[in-house]
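These are the residues of each chain, in order.
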Amino acid sequence: MFTAHHSCMSMGIRRGLCFVSIAPTAYFFRTRNSSLQRSKFATTLIHSLNSASYFESEEKEFIGTPFFPIYYNDVYEVDLPPGHRFPMGKYREVRKALQSKIEALSQDERSRVNCEFRVSPLATLDQLITTHDEHYVQRYLDGKMTGVENRNIGFPWSLQHVNRTLSSVGGTVAAALSVWEEYCKRHELVHNRKSNRHQHLDENMHLCWSAHVAGGTHHAFKDYGEGFCIFSDIAVAANVLLQKYSAPTLLQESQNHTQQNRHSNPVIRRILIIDLDVHQGNGNAVLFQGEERVKTFSMQCKANYFSKKEQSDLDIDLPVGCRDETYLSTLRFWLKNIEKHPFDKEDCQIDESESTTKRKIFDIIFFQAGVDIHKDDRLGRLSISSGGISRRNQIVFEFAHRMKAPLVICMGGGYPRDEWDPILKAHTNVYWEAHQFLSSLSKGN
């Protein structure tokens, strides 16, 4: 697996540096009277010490190459009743199309991004109950939901669908954990350097992104689901991250301020969810009410509410029939506001020496990349073109890059009419364009 490969590589780098530093002495001691072959070997080792280190070069390549694992769960097949309106087949079609596009790249192009396709693992009970009521979770797993509950969700219960649901959450959790762990690894490699001349390596250290060709199930609440959503994958992933990697209390944070400045492992203080599905991320809005470490931004069509409107940290309603220009200018405006200004007064950091207010960064960003804003979507009531969706994606990618935050991309909604091609391409392009954005920033480019 890709993660294991890099783990070994980074360990190999450190071992390698250690070996080179001691091997010449040990070698000469053992072979004082050896032949010319000994001399050639020693010369090679000494040359590696006196020149730009091979291992140092490997570290630079490792840190400068964007990381982009892609999780998918279409291995968990679900037989829905004939005529069911949910497009279950889109997940496999999108994954296959994306895989074909990446495999068609030249070896040089592929080497610019560390990208691997991984099967989504199943979420565990411990992960689910970071967010959802344990009794609700257990009733769903055991098939004890009522008929009304299942109809409200939109799926008939089956063991097939349990596995698919668990993989929808598990893949997003794995995607989030993988990017944060990779980011921490790169942070350690950069900041353990003794010389300031290596500090430029952190310029692209944050380019640890991941994707799930599923997920974005933002209509799930603590103890019930709706709109084809049983559990909220993004909320579970965010809570698992906070459980494992959150910052200490404010008091401890103050006491450890000096240690933090000495480049200890990064911790998660704030998470941002950018939800650009045509429907409001109502479940996530409620799940994170009162949770100051997670901020929710949802931009949706004002006519696409099928249940009570909830209150996100930032909600933007767009008019029916909204087209590219209005949509994109609105998105740019609000992302710039998020970038420049905190969500509330408690987030302000005052630099008294400059009498200015500085924003606090987001440590990791989730992007719910629904394409049901497309003009050809069966359920959405916006009129965004395929090109408009591509520009939307670019705006989000540029925002994440400016924020220097790892990014996790989830699929979200997309409901084809009789012709599936426009929606499938729009979904595929979200991931493809993320890959190409990272490729354009690669140190190997």
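About the cut-offs
Residues numbered from 1 in each chain as written. Predicted model: local features only at pLDDT ≥ 70, side-chain atom pairs only at ≥ 80, totals over all residues. Heavy atoms only, no water. Core = buried A, V, L, I, M, F, W, Y, C linked by side-chain atoms within 4.5 Å. Buried < 20%, exposed > 50% of the residue type's maximum accessible area, 1.4 Å probe, protein only. Helix = DSSP H or I, 4+ residues; strand = E, 2+ residues; numbered from the N terminus. Contact = heavy atoms within 4.5 Å. Salt bridge = Lys/Arg side-chain N within 4 Å of Asp/Glu carboxyl O. pLDDT = per-residue confidence, 0-100. Polar contact = N/O pair within 3.5 Å; in protein donor to acceptor, adjacent residues only side chain to side chain. Pairing = 2+ DSSP bridges. Axes fitted to C-alpha atoms, helices over the stretch in contact; angles between N-to-C directions.

### Focus: the nonpolar core
Grouped together as the largest cluster of nonpolar side chains are 109 residues, with contacts concentrated most on Trp 209, Ile 274, Tyr 327, Ile 365, Phe 366 and Ile 409. For this core, the element with the highest residue contribution is helix H9 (residues 159–191), accounting for 13 residues. Residues contacting Trp 209, with those up to four places away along its chain left out, are Phe 67, Phe 68, Pro 69, Val 179, Phe 397, Ala 400, Ala 405, Pro 406, Leu 407, Ala 434, Phe 437 and Leu 438.

### Observations regarding the pattern of salt bridges
In total, this model carries 14 salt bridges according to the counting rule given. A salt bridge links Asp 74 to Arg 95, with the shortest nitrogen-to-oxygen separation between them at 2.8 Å. Here Asp 74, found in the loop between strand S1 (67–72) and helix H4 (90–103), pairs with Arg 95, found in helix H4; they are 21 residues apart in sequence, far enough to count as distant. Across this residue pair, the class does not change: Asp 74 and Arg 95 are buried. Of the charged contacts in the structure, one is a salt bridge between Arg 118 and Glu 116, with a shortest N-O distance of 3.2 Å. According to the relative accessible area criterion, Arg 118 is buried, its value standing at 4%.

### Looking at the confidence of the model for the protein
When the pLDDT values of the protein are averaged, the result is 83; 75% of them are 70 or greater. In this model residues 347–359 is a low-confidence stretch, pLDDT under 50, and it forms 20 contacts with partners more than four residues away in sequence or in other chains.

### Section: the environment of Asp 363
Relative to the helices and strands, Asp 363 resides in the loop between strand S8 (356–358) and strand S9 (364–368). Here Asp 363 falls in the buried class, since its relative accessible area comes to 11%. In this view, Asp 363 contacts Trp 180, Val 267, Ile 268, Arg 269, Arg 270, Ala 405 and Pro 406; residues no more than four positions away in its chain are not counted. A polar atom in the side chain of Asp 363 sits 2.7 Å from the backbone nitrogen of Arg 269.

### Section: the sheet that holds strand S4 (residues 271–275)
Across the sheet, 8 strands lie side by side as S2-S1-S3-S10-S9-S4-S5-S6; this open sheet has parallel pairing. Each end of this open sheet is capped by a strand with a single partner; those strands are strand S2 (114–119) and strand S6 (314–318). Averaged over all pairs of adjacent strands, the angle between strand axes in this sheet comes to 15°, irrespective of strand direction. Two strands pair when backbone bridges link them, and strand S3 (residues 209–213) and strand S10 (residues 407–410) are joined in this way by 4 bridges, in the parallel orientation. Counted as the bridge partner of His 212 is Cys 410 from S10. Here helix H10 (residues 233–245) sits on the sheet and contacts S4, strand S5 (294–301), S9 and S10; the angle it forms with S9, its principal contact strand, is near 170°.

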